[in-house]
Amino acid sequence: MKRKTLIGMCTLMGALLMTSCTGEKFHITGKMENAKDSVLYFENMSLNGPEKLDSVKLDEAGNFEFSGDRCGNPEFYRLRIAGQIINIAIDSTETVNVKASYPLMATNYDVAGSYENEKIKELALKQIELQTRVQNAVNNPALAGDSLASVVEKMIADYKEDVTRNYIYKEPMRAYAYFALFQYITVNNQSQLLFDPSLYPEDVKVFGAVATSWDTYYPNSLRGENLHNIALREMTDQRIIRKRENQVLTVDSSKVNVTGVIDLPLIDNKGLQRHLTDLKGQVVLLNFHAFAADGSNDFIMQLRELYNKYHAQGLEIYQVSLDENEHFWKTQTAALPWINVYGTNKSVCNVYLAPVTTTPVFYLIDRGNNVVKNPSQIKDVEAEIQKLL
């Protein structure tokens, strides 16, 4: 399937904690069946990922109640047991009642007392149904390559047309419209946003519509400002691309097999720009990796062992994230000691990625800042590192 490009500026579906909370309270009450002794978590979807606010160990009756401060604009929360999630939006001092049955609470639940959350449930079920159809297509042996890509793209396009017309454009000021902008699916272990202006230029209008409505209903909210930033940045990028489309310098990917590196001037997880060319004098393991992929935790543990063993001798790891969700990447890399950057410079990253079809991807760079091993030449990463050190 065609590799997806990245969105470098998107916010998590839940996004930001507001600083304008009033002290007035909202309440989430309910009953969770078949969940005795399970821990039910109440989490806010913050900039840095889900943040635990409260939890309760359920008894046989399964009753629960959570509360929080009302904020000046809609805020997003979730109820979670293990990997099962129910998304909740709060926009006032309302009381939302949820009745669900574990272990299929993500689909088997009812919500009362909130128009917004009824719509969010509709969208969540639509997203799950789309994910199922996409996975069935991926598993279909009759579909492969371009034909599979075409089928999946058509499914996504149809879904977006439905959601745009019947949800987002219908009531763009609503919390559920904001929620819809950050839905995603997973294809071949890679998560991708359904609405992504960096992939689909027409999505700029959708982000702009919600941003404009939020300006009216929730002036100066961080969420509204963030939507504007996404839309404006992509409009600027598109103008630049159109202006330079006949002047683009195409670098032959075979050049990375020769001497010298093609620089990757990318922003790291602390907001600093990092260059491969600044690492001259060190042995560099250049790695392209998707933290959302299966087996990522085990892979990162292996990298940590290599780093701990050889960093003092001059090894540096320059790791480029291929994840669609920037904020998910930030949470996954916060405690890692090596250089972690986000792959927003698509044209340059593709120079390294074009010759390969699977991740993770490795290149080895010597102390002279020369690429000496490409992915096809690396059989034993540790042995090759030892040779260069």
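The structure presented is a predicted model; accordingly, all values stated were derived computationally and were not measured.

Caption draft 1: Highlighting the overall build of the chain. A count of helical and extended segments in the chain gives 9 helices and 17 strands. Burial analysis of the chain (389 residues in total) assigns 48% to the buried set. For the chain, restricting intrachain contacts to residue pairs at least 6 apart in sequence, the fraction spanning at least 24 positions comes to 66%.

Caption draft 2: Quick look at the pairing of strand S8 (residues 109-112). The side-chain alternation of S8 yields one buried face, formed by Tyr109 and Val111, and one unburied face, formed by Asp110 and Ala112. Pairing analysis gives 4 bridges linking strand S7 (residues 95-101) to S8, with the strands arranged antiparallel. Along S8, the bridge assignment pairs Ala100 with Tyr109.

Caption draft 3: Representation of the sheet that holds S8 in the model. The sheet built from 4 strands is open, its strands ordered S4-S1-S7-S8 with mixed pairing. Two strands close off the open sheet at either side, each with one partner strand: strand S4 (63-69) and S8. Put simply, the sheet's adjacent strands are angled 15° from each other on average, direction ignored.

Caption draft 4: Main features of the packing of aromatic side chains. A full pass over the atoms with the stated rule returns 16 aromatic pairs. Between Phe76 and Tyr178, the aromatic rings sit 5.5 Å apart at their centres with planes inclined by 25°, giving stacked as the arrangement. One end of the pair, Phe76, is in strand S5 (residues 75-81); the other, Tyr178, is in helix H3 (residues 175-181), with 102 residues separating them in the sequence. The residues Phe76 and Tyr178 share a single accessibility class, namely buried.

Caption draft 5: Summary view of the sheet that holds strand S17 (residues 371-373). With mixed pairing, 5 strands are arranged side by side in an open sheet as S15-S14-S13-S16-S17. Here the strands that pair on one side only, and so sit at the sheet edges, are strand S15 (339-342) and S17. Strand-to-strand, the axes of this sheet are offset by a mean angle of 30°, without reference to chain direction. Inspection of the sheet shows strand S16 (residues 361-365) paired to S17 by 2 bridges, in the antiparallel sense. Bridging from a neighbouring strand, Leu364 pairs with Lys373 of S17. In the packing of helix H7 (residues 326-333) onto the sheet, the strands contacted are strand S14 (315-321) and S15, and the crossing angle to S15 comes to about 175°. Its contacts with the sheet put helix H9 (residues 381-388) on strand S13 (283-289), S14, S16 and S17, and the angle it makes with S16 is roughly 15°.

Caption draft 6: Local environment of the environment of Phe362. Note that Phe362 resides in strand S16. Beyond its immediate sequence surroundings of up to four residues, Phe362 is in contact with Leu285, Leu286, Asn287, Phe299, Leu303, Asn374, Pro375, Ile378 and Val381.

Caption draft 7: Focus on helix H6 (residues 296-310). With 15 residues, H6 ought to run about 21 Å at 1.5 Å a step, and its terminal C-alpha atoms sit 21 Å apart, in line with that. Taken together, the buried positions of H6 are Ser296, Phe299, Ile300, Leu303, Leu306, Tyr307 and Tyr310. End-on, the buried residues of H6 take up no more than an arc of 115°, which puts them together on one face. Those residues of H6 that are exposed and aimed more than 90 degrees away from the buried face are Asn297, Asp298, Gln302, Glu305, Asn308 and Lys309. Those residues of H6 that are buried lie in contact with S13, S14, S16 and H9.

Caption draft 8: Expanded view of the confidence of the model for the chain. Looking at the chain, pLDDT values average 81 and 82% of them are 70 or higher. Of the regions scoring below 50 in pLDDT, residues 1-20 engages in 96 contacts with residues more than four places distant in sequence or in other chains. Predicted confidence for residues 237-259 stays below pLDDT 50, and this span has 17 contacts to residues more than four positions away or in other chains.

What counts as what
Residues numbered from 1 in each chain as written. Predicted model: local features only at pLDDT ≥ 70, side-chain atom pairs only at ≥ 80, totals over all residues. Heavy atoms only, no water. Helix = DSSP H or I, 4+ residues; strand = E, 2+ residues; numbered from the N terminus. Buried < 20%, exposed > 50% of the residue type's maximum accessible area, 1.4 Å probe, protein only. Contact = heavy atoms within 4.5 Å. Pairing = 2+ DSSP bridges. Axes fitted to C-alpha atoms, helices over the stretch in contact; angles between N-to-C directions. Phe/Tyr/Trp six-rings, centres within 6.5 Å; stacked < 30°, edge-to-face > 60°. Expected span 1.5 Å × (residues − 1). Arc of directions from axis to C-beta. pLDDT = per-residue confidence, 0-100.

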